[in-house]
Protein chains: 4
Amino acid sequence: MGQAIGHTRWAIAEGYIPSESTGPEPAMTSHETACLLNTGDTDAHVELTLYFANREPVGPYRVTVPARRTLHLRFNDLEDPAPVPRDTDYASVLVSDVPLVVQHTRLDSRQAENALLSTVAFPVPS
Amino acid sequence: MGQAIGHTRWAIAEGYIPSESTGPEPAMTSHETACLLNTGDTDAHVELTLYFANREPVGPYRVTVPARRTLHLRFNDLEDPAPVPRDTDYASVLVSDVPLVVQHTRLDSRQAENALLSTVAFPVPS
Amino acid sequence: MGQAIGHTRWAIAEGYIPSESTGPEPAMTSHETACLLNTGDTDAHVELTLYFANREPVGPYRVTVPARRTLHLRFNDLEDPAPVPRDTDYASVLVSDVPLVVQHTRLDSRQAENALLSTVAFPVPS
Amino acid sequence: MGQAIGHTRWAIAEGYIPSESTGPEPAMTSHETACLLNTGDTDAHVELTLYFANREPVGPYRVTVPARRTLHLRFNDLEDPAPVPRDTDYASVLVSDVPLVVQHTRLDSRQAENALLSTVAFPVPS
């Protein structure tokens, strides 16, 4: 414990938040999550940039993952500098000042039953 | 922003577009997607080749991912040199003139509720 | 086309074939698949070994992926030297005489609606 | 057979065990699994540490994966030093004394139909 593991840059090429959901909120609200794990003894300051199909990138969004903590960040909750548009394809790049591990998960509850996807994000070699 | 990240060759060994769907089109049409992210300042020219179980490969299909953009490419929409056959196992290789990040996602809506899968594609070491 | 890509050894730590299915066979039968892609000009001879929780490994199972072809191998169909037991945790290792790309997919139709999972297998560094 | 493959440290940034399930137990109980594969001839002694959003890490949990065996470990079953809290975001790091391959799977049966996710865990370069 206390040893930092992972990479400082990660990319998630898939991103899409449906505007519709089925089931009790907020657990069953359709959402897109980046799970960030900081195993080190130093807080991680992370900057996210969002990429779109038809306009310039938006960012940076800023979040902190405290030392020895995990943050399961819902893209739905990002507000500054702008909320993430619904029903819109996007992608993201995360840059941290200390190494992290990043996994990407989506809960899709547009139809009556939920669907899940998950994959470790793409670690950018440094 | 503006720095190219990723690889120039990617492989997706899984591919299958069901002929049947349930739910409103086009969002809920069963589809297979390659999410391409180009973080660099140069447009990416990408060539896709499709591999099958019982015949020679088909391609190249050509798409462009503009600089600082993401393209969520539906295999369903590929037409030239030939549409992708439904209910048929296939695989794909993507070659780009600049580095990209590629993630593979399938929405399967054959039955009443949709299912999702996703994984970062296999980056071919250069 | 014609250039071999990938690795010659791959591991899939997850494996489980439910004994129950819902929906039309064979497309909707619960199944576990290893998608193998051989982009090279030489046929790939692949040996699979299955690992279990409580007994010695079983194998090798032998399959061929022809040059420039993909094989989406259903573990359900393996018969020699022994069928894959249902409702049993297993794992697998694939060894090929030429490089391949391997992706693992499961369709689970135990309940009325199907669920999917997929991930690129673990490439063993050579 | 008998050759150890994989890595000795793995991270899984995503973790969440829903408190609710639908369907027959235990197969359809919502669960989070780490599939561990030990292909070598030496038993693997594994220590897991769990990370949370708002408190210090908990661990180590200790499990053994015998030589030439796979263990599909349900986080639901971990009891010592403390059970894994439900409806709580967590992440995990696994450290083994011999190389393993690790894949992460979740079955989510909160709603009537189950959902699955899976991804190879993040192998920490040694």
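Treat the numbers as computed from the prediction; the structure is a model and nothing was measured. (Residues numbered from 1 in each chain as written. Chains lettered and ligands numbered in written order. Predicted model: local features only at pLDDT ≥ 70, side-chain atom pairs only at ≥ 80, totals over all residues. Heavy atoms only, no water.)

Engineer: Is there a simple way to explain the overall build of chain A in this structure?
Structural biologist: Looking only at helices and strands, chain A features zero helices and eight strands. Beginning at the N terminus, the succession of helices and strands in chain A can be written as β-β-β-β-β-β-β-β. Looking at chain A as a whole, 60% of its 126 residues qualify as buried. Contacts in chain A between residues at least 24 apart in sequence constitute 72% of all its contacts with a sequence separation of at least 6. For chain A, the exposed surface amounts to about 4600 Å²; the carbon and sulfur share of it is 48%. (Helix = DSSP H or I, 4+ residues; strand = E, 2+ residues; numbered from the N terminus. Buried < 20%, exposed > 50% of the residue type's maximum accessible area, 1.4 Å probe, protein only. Contact = heavy atoms within 4.5 Å. Areas by Shrake-Rupley, 256 points an atom, 1.4 Å probe, with all protein chains shown as cover.)

Engineer: Would you mind going over the environment of Thr-33 of chain A with me for this structure?
Structural biologist: Residue and element names in this part refer to chain A. Position of Thr-33 among the secondary structure elements: in strand β2 (residues 31-38). The spacing of Thr-33 and Leu-71 is 38 residues in sequence and 9.7 Å in space, taken between C-alpha atoms. Those residues in contact with Thr-33 that lie beyond four places of it in its chain are His-72, Leu-73, Arg-74, Phe-75, Gln-103, His-104 and Thr-105.

Engineer: Is there a simple way to think about the pattern of salt bridges in this case?
Structural biologist: Two side chains that carry opposite charge are able to pair once their charged atoms sit near each other. Summed over all chains, the structure comprises 16 salt bridges over all chains. A salt bridge links Arg-68 of chain C to Glu-56 of chain B; the shortest N-O distance between them is 2.9 Å. In this pair, Arg-68 of chain C is assigned in the loop between β4 (58-65) and β5 (69-74) and Glu-56 of chain B in the loop between β3 (44-52) and β4 (58-65), connecting two distinct chains. With relative accessibility at 23%, the residue Arg-68 of chain C sits in the partly exposed group. Here the salt bridges do not stand alone but share partners, grouping Asp-41, Arg-68 and Arg-69 of chain A together with Glu-56 of chain D into one network. (Salt bridge = Lys/Arg side-chain N within 4 Å of Asp/Glu carboxyl O.)

Engineer: Looking at this structure, how should I read the packing of aromatic side chains?
Structural biologist: Aromatic ring pairs are described here by two measures, namely the spacing of the ring centres and the angle between the planes. Residue and element names in this part refer to chain C. Tallied over the entire structure, the rule returns four aromatic pairs over all chains. Seen from their ring centres, Phe-75 and Tyr-90 are 5.6 Å apart, and the 55° between their planes marks the pair as tilted. Residue Phe-75 is found in the loop between β5 and β6 (90-108), and its partner Tyr-90 is found in strand β6; the two are separated by 15 residues along the sequence. Lying over the aromatic face of Phe-52, Arg-55 brings its terminal NZ or CZ to 4.4 Å of the ring centre. (Phe/Tyr/Trp six-rings, centres within 6.5 Å; stacked < 30°, edge-to-face > 60°. Lys NZ or Arg CZ within 6 Å of the ring centre and 35° of its normal.)

Engineer: Please clarify how the pairing of strand β3 (residues 44-52) of chain A should be interpreted in this entry.
Structural biologist: Strand residues, when the strand is regular, have side chains that alternate between the two faces of the sheet. Residue and element names in this part refer to chain A. Among the nine residues in β3, seven count as buried, and that is most of the element. The sheet contact formed by β3 and strand β4 (residues 58-65) spans six bridges and is antiparallel. Residue pairing in the sheet places Val-46 in a bridge with Val-63 of β4. Hairpin connection of β3 to β4: five residues between the antiparallel strands. (Pairing = 2+ DSSP bridges.)

Engineer: Just to check I follow, could you spell out the confidence of the model for chain A for this structure?
Structural biologist: Do not read the predicted coordinates in detail wherever pLDDT is low. The share of residues in chain A with pLDDT of 70 or more is 79%, and the mean pLDDT across the chain is 85. Overall fold confidence for the complex sits at a pTM of 0.90, while the interface term, ipTM, reaches 0.88. (pLDDT = per-residue confidence, 0-100.)

Engineer: I tried to follow the side chain of Asn-76 of chain A on my own but got confused; where do I start?
Structural biologist: Within the secondary structure, Asn-76 of chain A sits in the loop between β5 (69-74) and β6 (90-108). A polar contact of 3.4 Å, which involves the side chain of Asn-76 of chain A, links it to the backbone nitrogen of Glu-32 of chain A. (Polar contact = N/O pair within 3.5 Å; in protein donor to acceptor, adjacent residues only side chain to side chain.)

Engineer: Even after reading the chapter, I still don't get the environment of Ala-53 of chain C, so can you show me in this structure?
Structural biologist: As for its placement among the helices and strands, Ala-53 of chain C is situated in the loop between β3 (44-52) and β4. Counting along the chain gives 36 residues from Ala-53 of chain C to Asp-89 of chain C, while the straight-line C-alpha distance between them is 6.8 Å. Filtering out sequence-adjacent residues up to four positions away, Ala-53 of chain C remains in contact with Asp-89 of chain C together with Arg-69 and Thr-70 of chain D.

Engineer: Hey, could you run me through unusual backbone geometry in this one?
Structural biologist: The phi angle of most residues is negative, glycine excepted, and most peptide bonds adopt the trans form. At the junction of Asp-80 of chain B and Pro-81 of chain B, the peptide bond is cis and its omega measures out at 15° in the coordinates. Structurally, Pro-81 of chain B is set in the loop between β5 (69-74) and β6 (90-108). Here Asp-87 of chain A, not a glycine, exhibits a phi torsion of approximately 55°, which is positive.

Engineer: Would you explain the state of the cysteines in this entry?
Structural biologist: By definition, a disulfide links two cysteine residues through a covalent bond between their sulfur atoms. Counted according to the given criterion, the structure contains zero disulfides over all chains. Unpaired in this structure, Cys-35 of chain A has its nearest cysteine sulfur neighbour in Cys-35 of chain B, at a distance of 18 Å. (Disulfide = S-S within 2.5 Å.)

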